[in-house]
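Fold and geometry: a report
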Amino acid sequence: MLLDIRVLIFLGVIMALVLMSSADGADATSPYLTDLESEVVEEMNLARSEPGRYAQFLEERRQYYRGRRFERPGQVAIITNEGVSAVDEAIDFLRRAKPVGALRPSKGMSTAAKDHVRDQGPSGGTGHRGNDGSQMSDRVKHYGRWTGKIGENISYGRSDARDVVIQLIVDDGIRTRGHRRNMFDPEFRVVGVACGEHVAYRAMCVMTFATGYLEH
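In what follows, the accompanying structure is described.

What counts and what doesn't
- Residues numbered from 1 in each chain as written.
- Predicted model: local features only at pLDDT ≥ 70, side-chain atom pairs only at ≥ 80, totals over all residues.
- Heavy atoms only, no water.
- Disulfide = S-S within 2.5 Å.
- Helix = DSSP H or I, 4+ residues; strand = E, 2+ residues; numbered from the N terminus.
- Core = buried A, V, L, I, M, F, W, Y, C linked by side-chain atoms within 4.5 Å.
- Buried < 20%, exposed > 50% of the residue type's maximum accessible area, 1.4 Å probe, protein only.
- Contact = heavy atoms within 4.5 Å.

**A look at the state of the cysteines**
In this structure the tally under the stated criterion is one disulfide. Linked covalently through their sulfurs, Cys195 and Cys205 form a disulfide whose S-S length is 2.0 Å. Of note, the bridge from Cys195 to Cys205 carries an S-S torsion of about 110 degrees and is right-handed in sense. Pair noted here: Cys195 is in strand S6 (residues 190-198) and Cys205 is in strand S7 (residues 202-215), with a separation of ten residues, a long-range link.

Take a look at the structure:
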């Protein structure tokens with residue numbers, strides 16, 4: 001009888017550990033995120049946790065630059081603002097960057113990001129201001145309360161998670177590299193992600209960051 005009790009206790013502990021592991025692993029694949037949105041979260045967390053390794057993905061793309069023209073086989077050419085120099089600067093940043101903590105997805109912040117996609121996608125708008133004049137902070141507070149600081153990145157024209165993240169890390173044509181700074185800001189610990197169609201650029205992804213977020 002004593003042996004049976006010990007076996008039952010042991011099995012109970014194993015089951016608890018399995019359930020805890022499953023809950024932790026489900027973070028980036030939360031049911032309110034699409035496959036692409038989950039992949040964007042995972043890709044950002046890979047870049048944040050292993051920036052030196054992530055630099056290799058940018059190095060692989062250097063070969064496709066011809067001046068300001070970026071053209072991969074089988075894809076439409078893109079005319080960039082800075083050419084390969086922006087990629088080289090991003091590679092140098094990643095090699096020097098220290099790892100920062102992983103981002104935890106938020107349902108409320110993802111819903112706020114989705115509101116912006118639904119607003120801009122059909123109208124072809126760009127930028128952080130909604131067609132109704134709303135700002136990022138206005139959208140986010142509909143679904144909860146953010147703490148610390150907040151920020152927002154928006155990618156246009158990319159429908160692959162790695163392409164989305166690399167576009168924002170390179171931050172071509174953005175003098176302040178503000179999108180890159182947001183992605184690697186150690187104070188940001190929570191993220192909302194939403195992707196969808198865009199009438200002018202075919203695709204868009206909105207990423208909203210915060211230090212903390214209390215869902216309604």
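Once you've had a look at it, read on.
**Re the nonpolar core**
Core analysis: the largest hydrophobic core is formed by 34 residues, its most contacted members being Met44, Tyr54, Leu58, Ile169, Val191, Val193 and Met207. Within the residue set of this core, elements represented by two or more residues are helix H2 (35-49), helix H3 (51-59), helix H4 (84-96), helix H7 (161-170), S6 and S7. Examining the composition of this core, we find that seven residues originate from one element, H7, more than from any other. Among all residues touching Ile169, those that are not within four sequence positions of it are Ala47, Tyr54, Leu58, Ala90, Leu94, Arg180, Met183 and Phe184. Membership of the second largest hydrophobic core comes to eight residues, among which are Met136, Ile150, Val190 and Tyr213.

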